[in-house]
Amino acid sequence: MRVLVVEDHAALADGIARSLQLAGYAVDVISDGEEADEILRTQEYGLVVLDLNLPRMDGLEILRRLRHRGSESAVLILTARNDIDDRVRGLDLGADDYLAKPFELIELEARVRALMRRHSGTHNTRITCGRLTYDTVARRAMIDGEDIEIPRRELNILEILLLRLGHVLSKEQITDQLAGFEDDISANAVELYISRLRKRVETADVKIQTIRGLGYLLKKT
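Every value quoted in this text rests on a predicted model; they were computed, and no experiment measured them.

**Student:** Help me understand the sheet that holds strand β8 (residues 140-143), please; the structure alone is not making it clear to me.
**Tutor:** The pairing of strands in a sheet happens through backbone hydrogen bonds and is either parallel or antiparallel. Taking strand neighbours across the sheet as the criterion, the four strands line up as β6-β7-β8-β9 in an open arrangement whose pairing is antiparallel. The open sheet terminates on both sides in strands that have one partner only, identified here as β6 (126-129) and β9 (146-147). Relative to strand β7 (residues 132-135), β6 runs antiparallel, the two sharing four bridges. By the bridge assignment for β7, Arg126 is matched with Asp135. In the packing of helix α6 (residues 152-163) onto the sheet, contacts are made with β6, β7 and β8, and the angle to β7 comes to roughly 100°.

What follows is the structure in C-alpha cells.
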C-alpha cells in the first residue's frame, strides 16, 4: 500500500520510511507542509503519517484541508508526548490515530497495520479466500496452511487485491498503490505480475479475473 510520510526531521523521516518499505509499503517522504498539501490534492494514499510541527503549513491545517476535500486516506498524526491539546484537535479534525514522540518503530508498524485493516473493512489479521490465506502481519501467503513463495511485487499486488476483496481494481489503482515517487511501474509490468501471480495461486480455488476495460477482481472459484 502507498504511504506518505510528512515529517521535517530528516533522520526520523528516513527511519520511518525505511521501516515501512521493509514491511512492503511504497513510501514517499515530504518535509514541507505546503508541498504535502499540494501533493495530497492530486494523489491518493492509503495512509498519511503526519507530523504536526511543519514548515510553511502545520499538520493540523493539512489534515483539515484533506478532510474538507473528502479524502478517506487513513491519517496517523505524530505529536509531542505531552501535547494533549494537539492530539484532541487532530482526532476531532479526522485523524484516525496518533503516536506520541519518541516512539519505537515496531509500534508505528503495528499501528499502520491496524489502520490499513480498519480502512479495508476488516479487523482480522488474516484474510482468507478459497484455500488461500494471507497473514497481514507476517506478510505470508499460504495454501491449506502451507507457505507459498511469492516475490515482493507480486505479494504486494496480492495484498492489494485481498484488502479490496470483491472489488474491481484498475491497473492505475494497483500501480498507484505499488509505486512511490522514485518507482517506475508500467501498466505492462502490472500485467506481467498479475500473470505470474495467477499461476502461483491457481491451486487455491481462487481466480484473478480480468474485467475487460475495468481491471482485476480476485474471487473464489
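**Student:** Can you help me understand the pairing of β6 in this one?
**Tutor:** Remember that side chains alternate between the two faces of the sheet whenever the strand is regular. Residues Ile127 and Cys129 point to one face of β6 and are all buried, whereas Arg126 and Thr128, pointing to the other face, are not buried. Between the antiparallel neighbours β6 and β7 lie two residues, among them Gly130 with a positive phi of about 60°.

**Student:** How should the pattern of salt bridges be read in this particular structure?
**Tutor:** Two side chains bearing opposite charge may form a pair once their charged atoms approach each other closely. Taken as a whole and assessed by the stated rule, the structure comprises 23 salt bridges. Arg111 is paired through a salt bridge with Glu107; the nearest N and O atoms lie 3.0 Å apart. Within this pair, Arg111 and its partner Glu107 are both found in helix α5 (residues 105-119), separated by four residues, close to a single helical turn. Among the residues examined, Arg111 registers a relative accessible area of 26% and is labelled partly exposed. Salt-bridge contacts for Arg200 lead to Glu154; the nearest nitrogen and oxygen are separated by 2.5 Å. One end of the pair, Arg200, is in helix α8 (residues 187-201); the other, Glu154, is in helix α6, and 46 residues separate them in sequence.

**Student:** What am I meant to see in the side chain of Glu154 here?
**Tutor:** Given a relative accessible area of 3%, Glu154 falls into the buried group. Dropping the residues within four chain positions of it, Glu154 is found in contact with Tyr193, Arg196, Leu197 and Arg200.

**Student:** Explain the side chain of Asp135 to me, please; I cannot follow it from the model alone.
**Tutor:** Mapping Asp135 onto the fold places it in strand β7. Not counting residues within four places of it along the chain, the set of residues in contact with Asp135 comprises Thr125, Arg126, Arg140 and Met142.

**Student:** Before we go on, may I ask you to explain the UniProt feature "modified residue: 4-aspartylphosphate" (unreviewed entry) in the chain in this structure?
**Tutor:** Mapped onto the present numbering, the UniProt feature "modified residue: 4-aspartylphosphate" (unreviewed entry) falls at Asp51. Locating Asp51 in the fold gives a position in strand β3 (residues 47-51). Contacts of Asp51, omitting those with residues within four sequence positions, involve Val6, Glu7, Asp8, Gly59, Leu78 and Lys101.

**Student:** How should the nonpolar core be read in this particular structure?
**Tutor:** Proteins that are soluble and globular tend to have nonpolar side chains buried together. Judged by nonpolar contacts, the single largest core of 49 residues is most densely connected at Val3, Tyr25, Leu47, Leu158 and Leu161. For this core, the element with the highest residue contribution is α6, accounting for seven residues. With residues up to four places along the chain from it excluded, the contact list for Tyr25 reads Met1, Val3, Leu20, Val112, Arg113 and Met116. Grouped together as the second largest cluster of nonpolar side chains are 19 residues, Leu40, Tyr45, Leu52 and Met57 included.

What counts and what doesn't
Residues numbered from 1 in each chain as written. Predicted model: local features only at pLDDT ≥ 70, side-chain atom pairs only at ≥ 80, totals over all residues. Heavy atoms only, no water. Pairing = 2+ DSSP bridges. Helix = DSSP H or I, 4+ residues; strand = E, 2+ residues; numbered from the N terminus. Contact = heavy atoms within 4.5 Å. Axes fitted to C-alpha atoms, helices over the stretch in contact; angles between N-to-C directions. Buried < 20%, exposed > 50% of the residue type's maximum accessible area, 1.4 Å probe, protein only. Salt bridge = Lys/Arg side-chain N within 4 Å of Asp/Glu carboxyl O. UniProt positions renumbered as here; feature names shortened; annotations may be inferred. Core = buried A, V, L, I, M, F, W, Y, C linked by side-chain atoms within 4.5 Å.

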